[in-house]
Amino acid sequence: MTLMRDRTLLIIFTLFVLAAPLIFAPTGAAYPDLLQRFAIYGIFAIGFNILFGLTGYLSFGHAAFLGVGSYSAVWMFKLLSMNILPALLLSVVMAGIFALLIGYISLRRSGIYFSILTLALAQMSYVLAYSVLTPLTNGETGLQLRLDDPRILDAAGPEGFLPSTNLFGLEMKEVFWNPTVFGYDLQFNWGYYVSAVMLILSFWISIRIFRSPFGLMLRAIKTNQTRLNYTGVNSRPYTLAAFVISGMFAGLAGGLLASMDPLAGAERMQWTVGGEVVLMVVLGGMGTLIGPVLGAIFIKYFENIFSKINEVVLQGWFSFLPDWLSNFLVTIVSPFVGRGWGLTLGALFMIVVIFLPGGLVDGARRIMRKITGADRRAAKARNE
Amino acid sequence: MGILEVQNVNKRFGGLQALNNVNLDVAEGSVHALIGPNGAGKSTFLNCLIGKLKPDTGSVQFDGQPVLGKKPHEINQLGVARVFQTPEIFMDLTVFENVMIPCFAHRDGAFKINAFARVLRDKEIRQKAEDILEDMGMKEKMAAQSGSLSRGDKRRLEIAMCLVQEPKLLLLDEPTAGMARADTNNTIDLLNHIGETRKITKVIIEHDMHVVFSLATTISVLAQGAIIAEGLPEEIKGHPKVREAYLGEAEV
Amino acid sequence: MDAILLQILNGIDKGSAYALIALGLTLIFGTLGVVNFTHGALFMIGAFVAVTVGKVLDISKITIDPSRVDFLGNPAKIRTPYVTEWFGDFGLWLIEWSVLVSVVVAIPVMILIGIIMERGLIRHFYSRPHADQILVTFGLAIVLQNIIKAIFGANPIPQSAPDLLQGSVDFGVWVGMAENAVVYPLWRLVYFVFSMVLIGGVFAFLRFTTFGMVVRAGMADRETVGLLGINIDRRFTIMFGVAAAVAGLAGVMYTPISPPNYPMGMDFLVLSFVVVVVGGMGSLPGAVLAGFLLGIIESFASMPLIKDSIAAIGLPSIDQIIIYLVAVIVLLVRPRGLMGKAGMMEE
């Protein structure tokens, strides 16, 4: 029963992701750059959910693994080849090693102490990347491609041009199909489809983990660690494994970010970036399969839309109203849009934490139940 | 030679001698009750057995292996299961999942990454979990969230989770504490039922004399950190030292 | 010797800020058991109280003086702040000492903000898991930060110390060293003294007043104190206000040292958590001690001599990560921190 439902979910998810350039066309979000970000942050959030959603261990340090992934990928582009496959591989492996180290230290504590430790370690990684390890990270300028990089596997390209990232010749930036459907100009590019395939793969892995004995143990850790220990289970390696797995997902996301745009900067490692993935997972619905992806899309979409709205746009919206009312509304609304997107996000996040701890997925479920009257039927069944 | 041997265990908290040279020998297959007035050191003793506290001196051997200094999960893997004063179960999970977890722990050990296996495809584990729930009369509640069970059912579930691991020794820490008479009697019946079908040694730490005399085959009396009497239930009932210990408490 | 003294002095101003924020964090954690991710934002709001007071005092009447012209040939506009017009020299004095005015204003404002926060939001999270408390205070921090950004913009706003307290002092001479051996900015010294007074005040308040004794007893054993028929909740609410005021005052006084901008709170927050953890979760003296200690260690790690010798053995410079390193080591070696109660962090 559950297995059937999972398969249906996976199929719907796959179709949705593959058709995204078409589906998002009416929303104005269907350009490759944004779609790629949806997919990549979706992967980041899926991975984070395996740690936070299942075990309840709240890490503020996952930006570090995103950064490590990006740096590893760019180094691979510089030294080996512009093919993204070895780059992604190194991203995942390096992030995994890094997560093992940080996880080993911070998982010696649990609860709030764990959160604080991950926060401190992430901030330390940021400072390391920003200044201390400048030879490796190029400090505040960020790591970039250069013409004189060795790239030992690649044939020499045209003189004076930076080569572009590719997957066996398919260039990430290349739009391979550009049809017009229903008057919308659609762009299908390789970069998005590479990210999309990775996202689908990540989603599938996440389903398998959720339904596995390993996943069951992780959920047991969240609900009662004492009982689990007295049941003969050593919980620490389980949490460490979950930590490393989620770190590897973050590394993959970081590697993909660098594959789409081959540069890596320290700001990607700041703990507030790690805070953003917390927002995504909580907003979407922690511990659910689809929630993290929804949260990622939601935040990245509105970040993009809201930041484009300024007072002029608002005045256009409210122009049908009397002047005084329109001016009033513009004054009220404008702090929340444009550069004030952070305010909206923060407020929204608080509302979700306070009133809807299950996130958007839970909200949707409640609404569905209201509509279909499942509650009433269940209550009736109980009474009978 | 008992299955659980405790020798010369001492534990001191500052000026308080919580355990004073405690010796205990639990025979295989017996139901050994440990009784004593409040503050006698029962909990301290139990915590020493399961690795939560480390006694200052002494040794504890289970099935010929030293137990002291081992972590709770290691002790469990040796074959010791524990029932807590307030039922410790996985409240957010279903009854079925609650029982499957100890099945996995029993079969796969303290740690195994099987992230691509499927819980629901594991026929062996499912069968085992269903059988124990059947045996405990909880099969119809399989899909319920265990946090929503009644207190008696939570206790029943916790015992099921212990039994499914086929432990050699079952530790019960005041299994009927805070229960109404009816629930207490149900629990006694349940434990007697377990005794009929399975040969598990049990150590019961208990306050309630009714429970103790309904279940125990051997009784040890702990008072002020020391064992003051040990014997068959009939012997303990009339033992002068025991009366003194309990009367002394009553006066306070 | 003079170099060492200078490094200690360089460490104590940051150390004072760490100590003050960590003190407030610990007060909240000890009384209410909540890890307050908003605390950095309270520090930042304190700093912006100072900015606001400065702006309010500077609101001016503009008069046109036809007898003079500016460089464009228009009649010169003369700005006279209303406070000087109303109060004369006293008004000038107020503008000059606006930091002190801000301190006076910040105390009730911050206490109020703290109490509103506790009553309106955090109160409803006591029974929820720790992760939820972290999440909701984190969300509130983002909101507060963005409100400040919306009002004051994203750029740092420099504030100046009173003329009298600007400039440097030759600290070395005071302790019998050669002239110009240890020259130290005066305001930083003021900041240190101020924070000592504030810390002393909080400790005295907890130690010698009945209110404080009840709070301390409540920190040790909340239930028993509740059973005595004392309304401990109300006192804890007030302590939240006090903690907010301590953070806010730390922010007010910090404005001449570093121009306030909206993310400053988050930067200090992370370091303050590290301080709290090193000092020992729940220990007030530990928080203060660790604050100063880490400030000073940080300062020493950036000493040229030490930097050079670290570089000499082939290691990258560690001055910027030393605090984190110390924290990790302390946590691994002594999980309860320097002065924490046993069992506080040991699972």
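A. Molecular detail of the overall build of chain C. Counting its regular elements, chain C contains 15 helices and 4 strands. Here the C-alpha atoms of chain C give a radius of gyration of 23 Å, agreeing with the 20 Å that 2.2 N^0.38 yields for 347 residues. Principal-axis analysis of the C-alpha atoms places the extent of chain C at approximately 75 × 60 × 35 Å. If you take every contact in chain C between residues at least 6 apart in sequence, the share linking residues at least 24 apart comes to 73%.

B. Region of interest: the overall build of chain A. Per the secondary structure count, chain A includes 18 helices and 8 strands. Compactness check: chain A gives a C-alpha radius of gyration of 23 Å against a globular reference of 21 Å for 384 residues, within 12% of the reference. Dimensions of chain A along its principal axes, counting C-alpha atoms only, are 80 × 70 × 40 Å. Looking at the 384 residues of chain A, the share that counts as buried comes to 52%. Long-range contacts, defined here as pairs at least 24 residues apart, represent 74% of the contacts in chain A between residues at least 6 apart.

C. Examining the sheet that holds strand E5 (residues 65-66) of chain B more closely. All names here are of chain B. Here 4 strands make up an open sheet; going across it, the order is E2-E1-E4-E5 and the pairing antiparallel. Two strands close off the open sheet at either side, each with one partner strand: strand E2 (16-26) and E5. Helix H1 (residues 42-49) contacts strand E1 (4-13), E2 and strand E4 (57-62) of the sheet and is inclined by roughly 60 degrees relative to E2.

D. Highlighting the pairing of strand E9 (residues 218-223) of chain B. Residue and element names in this part refer to chain B. Among the 6 residues of E9, 6 are classified as buried, and the element is accordingly described as predominantly covered. The side-chain alternation of E9 yields two buried faces, one formed by Thr218, Ser220 and Leu222 and the other by Ile219, Val221 and Ala223. Across 4 bridges, the pairing between strand E3 (residues 31-35) and E9 is parallel. Each bridged residue has a counterpart across the sheet, and for Ala33 the counterpart in E9 is Ile219. In this sheet, strand E10 (residues 226-231) lies alongside E9 in antiparallel orientation, the contact comprising 5 bridges.

E. The confidence of the model for chain A, seen in detail. Model confidence for chain A is summarised by a mean pLDDT of 88, while 96% of its residues fall at 70 or above. Ranking the helices and strands of chain A by mean pLDDT puts helix H11 (residues 235-260) of chain A first, with 96, and helix H18 (residues 374-383) of chain A last, with 55.

F. Up close: the interface of chain C and chain A. Across the boundary between the two partners, chain C contributes 33 residues, which contact 38 residues of chain A. Residue assignment for the side of chain C that touches chain A shows that the elements contributing at least two residues are helix H6 (130-152), helix H12 (264-279) and helix H15 (322-333) of chain C. For the side of chain C that touches chain A, the class distribution of residues is 26 nonpolar, 5 polar and 2 charged.

G. Structural view of the interface of chain B and chain A. With 30 residues of chain B in contact, the opposing surface of chain A contributes 24 residues. Put simply, the parts of the chain that give the side of chain B that touches chain A at least two residues each are helix H2 (72-78) and helix H3 (95-108) of chain B. If you tally residues by element for the side of chain B that touches chain A, the top one is H3 of chain B, at 7 residues.

H. Layout of the environment of Thr86 of chain B. Mapped onto the fold, Thr86 of chain B is located in the loop between strand E6 (80-83) and H3. For the pair Thr86 of chain B and Pro175 of chain B, spaced 89 residues apart in sequence, the C-alpha to C-alpha distance is 7.9 Å.

I. Expanded view of unusual backbone geometry. Although it is not a glycine, Asn8 of chain B sits at a positive phi angle of roughly 50 degrees. Position of Asn8 of chain B among the secondary structure elements: in strand E1.

J. Region of the structure containing the sheet that holds E10 of chain B. Residue and element names in this part refer to chain B. Read from one edge to the other, the open sheet built from 6 strands follows the order E6-E7-E8-E3-E9-E10, with strand pairing classed as mixed. A strand with exactly one partner marks an edge of an open sheet, and here the two such strands are E6 and E10. Averaged over all pairs of adjacent strands, the angle between strand axes in this sheet comes to 20 degrees, irrespective of strand direction.

K. Representation of the packing of helix H12 (residues 271-284) of chain A against helix H17 (residues 359-372) of chain A within the structure. Residue and element names in this part refer to chain A. Where H12 contacts H17, the two axes come as close as 3 Å, and the packing angle between them is 10 degrees. Compared by their axis directions, H12 and H17 come out roughly parallel. Mapping the contact onto sequence places Val282, Leu283 and Gly284 in H12 and Gly359, Leu360 and Val361 in H17. Partitioning the contact of H12 with H17 into residue classes produces 4 nonpolar, 2 polar and no charged.

L. Representation of the packing of H12 of chain A against helix H16 (residues 341-355) of chain A within the structure. All names here are of chain A. Following both chains from N to C, one finds H12 and H16 inclined at 45 degrees, their axes separated by 10 Å at the closest point. For the element pair H12 / H16, the angle class is oblique. The hand of the H12/H16 crossing is left-handed. Within the contact between the two elements, H12 uses Leu279, Val282 and Leu283 and H16 uses Leu345, Phe349, Val352 and Val353.

M. Highlighting the confidence of the model for chain C. When pLDDT is averaged along chain C, the result is 83, and 96% of the positions lie at 70 or above. Among the scores for the predicted complex, ipTM is 0.90 and pTM is 0.89.

N. Geometry of the environment of Gly24 of chain C. Residues and elements named next belong to chain C. Tracing the backbone shows Gly24 in helix H1 (residues 2-32). Taking the C-beta count within 10 Å as the criterion, Gly24 has 31 such neighbours and is therefore assigned buried. Distance in space between the C-alpha atoms of Gly24 and Met239 is 9.1 Å, their sequence separation being 215 residues. Non-local contacts of Gly24, meaning those with residues more than four positions away in its chain, are made with His39, Ala243, Ala244, Val246 and Ala247.

O. Region of the structure containing the pairing of strand E1 (residues 60-69) of chain C. All names here are of chain C. Taking burial as the measure, the 10 residues of E1 include 0 buried ones, a minor fraction of the element. With 7 bridges connecting them, E1 and strand E2 (residues 75-81) associate as antiparallel partners. Paired with Thr63 across the strands is Ile78, a residue of E2. Counting the residues between successive antiparallel strands, the hairpin from E1 to E2 contains 5 residues, one of them, Gly73, with a positive phi of roughly 90 degrees.

What counts and how
- Residues numbered from 1 in each chain as written.
- Chains lettered and ligands numbered in written order.
- Predicted model: local features only at pLDDT ≥ 70, side-chain atom pairs only at ≥ 80, totals over all residues.
- Helix = DSSP H or I, 4+ residues; strand = E, 2+ residues; numbered from the N terminus.
- Rg over C-alpha atoms; globule rule 2.2 N^0.38 Å.
- Contact = placed C-beta atoms within 7 Å.
- Buried ≥ 20, exposed ≤ 12 C-beta atoms within 10 Å, placed from the backbone.
- Pairing = 2+ DSSP bridges.
- Axes fitted to C-alpha atoms, helices over the stretch in contact; angles between N-to-C directions.
- pLDDT = per-residue confidence, 0-100.
- Nonpolar A, V, L, I, M, F, W, Y, C, P; charged D, E, K, R; others polar.
- Parallel < 35°, antiparallel > 145°, perpendicular 65-115°, else oblique.
- Left-handed = near helix turned anticlockwise from the far one by under 90°.

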